[in-house]
Amino acid sequence: MNNFDLAQEISLVSDQAQWVGVRTFNEQTTYLVSRNGLNSEVSSDIQNGMMVEVLSHDGQLAYYGTSDISKDGFKRAFDEALRLAKLSKEHGLTNFDTSIRPPEKGEYRTPVKKDVREVKLTEIQSQLMQLSERMKKFDNRIIETSAFAMLTHTSVQFTSSNGAEWKQDFHIISRDLSATAKEGSEVQRRSTGLLGRQWGFEALEMDELTAEADKIAAQSIELLTAEECPTETCDLILMPDQLYLQVHESIGHPLELDRILGDERNYAGWSFVSPEDFGQLKWGPNFLNVSFDPTLENEMASYRYDDNGVVAQKQYLIENGTLMRGIGGIESQKRSGIPGVSCARSTSWNRPPMDRMANINIEPGTSSLDEIIKSTKRGILMHTNRSWSIDDYRNKFQFGCEYAQLIEDGKITKTLKNPNYRGATVSFWNNLTHVGNEDTFQVWGSPYCGKGEPNQVIRVGHAIPICKFENIEVFGGA
Ligand SMILES: [Zn+2]
């Protein structure tokens with residue numbers, strides 16, 4: 001990080017603006033891939049720089065990023081940010097004041113059992129090679145296997161003219177295993193699903209990964225002779241490794257306040273949600289509770305401060321089935337007048353914070369998986385996302401999964417291949433009939449949520465129980 005007194009440098013220029021803040025960002029990511037038991041890729045990426053943000057006396061915000069972390073680098077970036085803030089006065093939509101940059105002080109650090117940086121990369125790659133080889137040797141119909149790990153360490157430090165002084169240190173690991181099987185013209189791929197969390201080397205614990213590898217290898221073979229998913233309207237049970245993406249696309253994205261304000265319509269899209277819907281719209285039955293929770297330990301996007309320096313708190317977006325709150329940081333809340341959350345985040349030193357999901361979770365309900373299956377006369381249980389599509393307003397969608405099971409008269413009767421379902425957001429969630437209990441609750445997360453121009457690909461977490469829906473259109477096909 002910096003080797004000069006940033007607070008001192010800020011104080012030398014602070015009378016030229018209402019507020020000055022600096023976010024220093026350092027991130028190192030290592031990607032490891034093994035295919036078919038072989039060493040396929042080990043590469044890494046480093047980002048290091050700082051973003052200087054200025055709130056002008058006219059109430060306009062502007063920023064300037066630099067990889068020159070020095071006194072001179074700071075001064076040049078400050079001068080540019082101030083020049084841009086002054087220029088933006090004639091185009092300004094909102095006049096901000098210092099209340100949007102609270103002077104918080106403190107620290108956050110991912111709790112890890114073992115820091116992955118203490119482990120040699122050759123040891124981690126050797127584990128991945130063992131896993132992909134084990135799946136390849138499982139059956140000669142398995143034609144391709146892969147084992148993937150992405151190790152990220154991020155340090156962020158924030159200092160401002162009104163006394164903010166905090167830092168955060170994140171340890172993140174994402175992992176995935178996959179096996180593709182082929183017999184004749186039939187090809188089926190099964191994977192664990194990309195799983196990211198804030199955790200240490202415990203993410204790569206071999207007993208658990210070996211069991212997962214054996215399960216997906218066996219299921220890829222099982223799918224080769226499975227029946228096609230039927231086309232009908234029936235009950236649908238979604239496992240957390242699919243439901244987390246459903247929540248991401250059809251609850252998370254439409255509730256982003258910058259989308260609702262129209263900022264994203266040129267690129268990521270708009271939202272069917274309107275400002276009047278908050279406090280009114282029935283998103284689901286009374287037992288649906290969806291939280292914004294950056295405080296859940298070890299979930300992908302847990303933190304103490306968002307990148308505007310607002311302290312993170314658990315809040316309910318959907319409470320007892322009613323839409324209550326949007327995913328909008330302090331700036332979007334001021335612009336829209338809609339209640340939001342501490343969710344302004346950026347992906348690097350050269351990107352400004354904007355409204356992002358962080359952890360968006362479904363609170364556990366009361367049903368066990370066994371009760372959910374027993375309550376189903378005819379239904380399909382789907383595992384692990386394979387494909388997704390949703391319109392620009394985040395309304396009509398279609399998802400495909402890797403593996404499904406038919407339920408008849410309260411029992412699982414057979415495996416189905418190529419399962420898909422479709423729906424429209426609000427009616428789909430209102431067809432929810434069961435929310436799984438704590439035993440079915442799993443912490444999922446992805447490093448790949450894209451948004452913004454220039455693009456920002458960010459990490460999001462979704463902790464989700466198993467859920468059941470009724471009257472859903474399901475269909476087969478690759
Ligand atoms: Zn996304």
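If you're wondering where the values come from, they're calculated on a predicted model, not measured in any experiment. (Residues numbered from 1 in each chain as written. Predicted model: local features only at pLDDT ≥ 70, side-chain atom pairs only at ≥ 80, totals over all residues.)

**Regarding the overall build of the chain**
Along the backbone of the chain there are nine helices and 24 strands. For the chain, the C-alpha radius of gyration of 24 Å lies close to 23 Å, the compact-globule estimate for 478 residues. Dimensions of the chain, computed from the C-alpha atoms along their principal axes, are close to 70 × 55 × 35 Å. Going through the 478 residues of the chain one by one, you find that 50% of them count as buried. Across the chain, the fraction of contacts at a sequence separation of at least 24, relative to all contacts at a separation of at least 6, is 75%. (Helix = DSSP H or I, 4+ residues; strand = E, 2+ residues; numbered from the N terminus. Rg over C-alpha atoms; globule rule 2.2 N^0.38 Å. Buried ≥ 20, exposed ≤ 12 C-beta atoms within 10 Å, placed from the backbone. Contact = placed C-beta atoms within 7 Å.)

**Quick word on the domain arrangement of the chain**
Domains assigned within the chain are domain 1 (6–225) and domain 2 (228–475). On a C-alpha basis, the centres of domain 1 and domain 2 stand 21 Å from each other. Contact with domain 1, which involves 39 residues of that partner, is made by 34 residues of domain 2. Here the side of domain 1 that touches domain 2 is composed, by residue class, of 18 nonpolar, 13 polar and eight charged. (Domains from an automatic or database assignment. Nonpolar A, V, L, I, M, F, W, Y, C, P; charged D, E, K, R; others polar.)

**With respect to the packing of helix α3 (residues 121–136) against helix α4 (residues 206–224)**
Packing of α3 against α4 brings their axes to within 9 Å, and their N-to-C directions diverge by 25 degrees. Taken together, the axes of α3 and α4 are roughly parallel relative to one another. As α3 packs across α4, the resulting crossing turns out to be right-handed. Taken together, the residues of α4 that come into contact with α3 (itself represented by Gln127, Leu131, Arg134 and Met135) are Met206, Leu209, Thr210, Ala213 and Ala217. Taken together, the residues of the contact of α3 with α4 sort by class into six nonpolar, two polar and one charged. (Axes fitted to C-alpha atoms, helices over the stretch in contact; angles between N-to-C directions. Parallel < 35°, antiparallel > 145°, perpendicular 65-115°, else oblique. Left-handed = near helix turned anticlockwise from the far one by under 90°.)

**Some remarks on the sheet that holds strand β13 (residues 322–323)**
Judged by pairing direction, the sheet is antiparallel, and its four strands sit side by side in the order β13-β12-β11-β16 without closing on themselves. Both outer strands of the open sheet, β13 and β16 (360–362), are each paired with one neighbouring strand and no more. Here three bridges tie strand β11 (residues 290–292) to strand β12 (residues 315–319), and the two strands are oriented antiparallel to one another. Note on β12: the bridge partner recorded for Val290 is Ile318. (Pairing = 2+ DSSP bridges.)

**As for the pairing of β12**
The pairing of β12 with β13 spans two bridges and is classified as antiparallel. The partner of Glu319 across the bridge, within β13, is Thr322.

**Some details on α4**
For α4, which comprises 19 residues, the first-to-last C-alpha distance of 27 Å matches the rise-based estimate of 27 Å (1.5 Å per residue) to within 8%. Taken together, the buried positions of α4 are occupied by Leu209, Ala213, Ile216, Ala217, Gln219, Ser220 and Leu223. Taken down its axis, α4 places every buried residue within 165 degrees of arc, on the same side. Seen from the open side of α4, the exposed residues pointing more than 90 degrees away from its buried face are Asp207 and Ala211. Looking at the packing, one finds that the buried side of α4 touches α3, β5 (142–160), β6 (165–183), β7 (186–191), β18 (396–408) and β19 (411–417). (Expected span 1.5 Å × (residues − 1). Arc of directions from axis to C-beta.)

**Focus on helix α1 (residues 6–13)**
When α1 is considered as a whole, its buried residues turn out to be Leu6, Glu9 and Ile10. With its buried residues spanning 100 degrees around the axis, α1 presents them on a single face. Facing away from the buried side of α1 by more than 90 degrees, the exposed set consists of Gln8 and Ser11. Those residues of α1 that are buried are in contact with β1 (19–35), α2 (71–87) and β5.

**Some remarks on the environment of Ile251**
Following the sequence through the fold, Ile251 ends up in helix α5 (residues 240–252). Residue class for Ile251 comes out buried when judged on the 24 C-beta atoms lying within 10 Å of it. When the C-alpha atoms of Ile251 and Arg394 are compared, they prove to be 8.4 Å apart, with 143 residues separating the residues in sequence. When sequence neighbours within four positions are dropped, the list of residues in contact with Ile251 reads Val290 and Ile360.

**Considering the nonpolar core**
If you look at the biggest cluster of nonpolar residues, it comprises 125 residues, and the most contacted ones within it are Val52, Val54, Ala81, Leu236 and Ile380. Per-element accounting of this core gives the leading share, seven residues, to β5. (Core = buried A, V, L, I, M, F, W, Y, C linked by C-beta atoms within 7 Å.)

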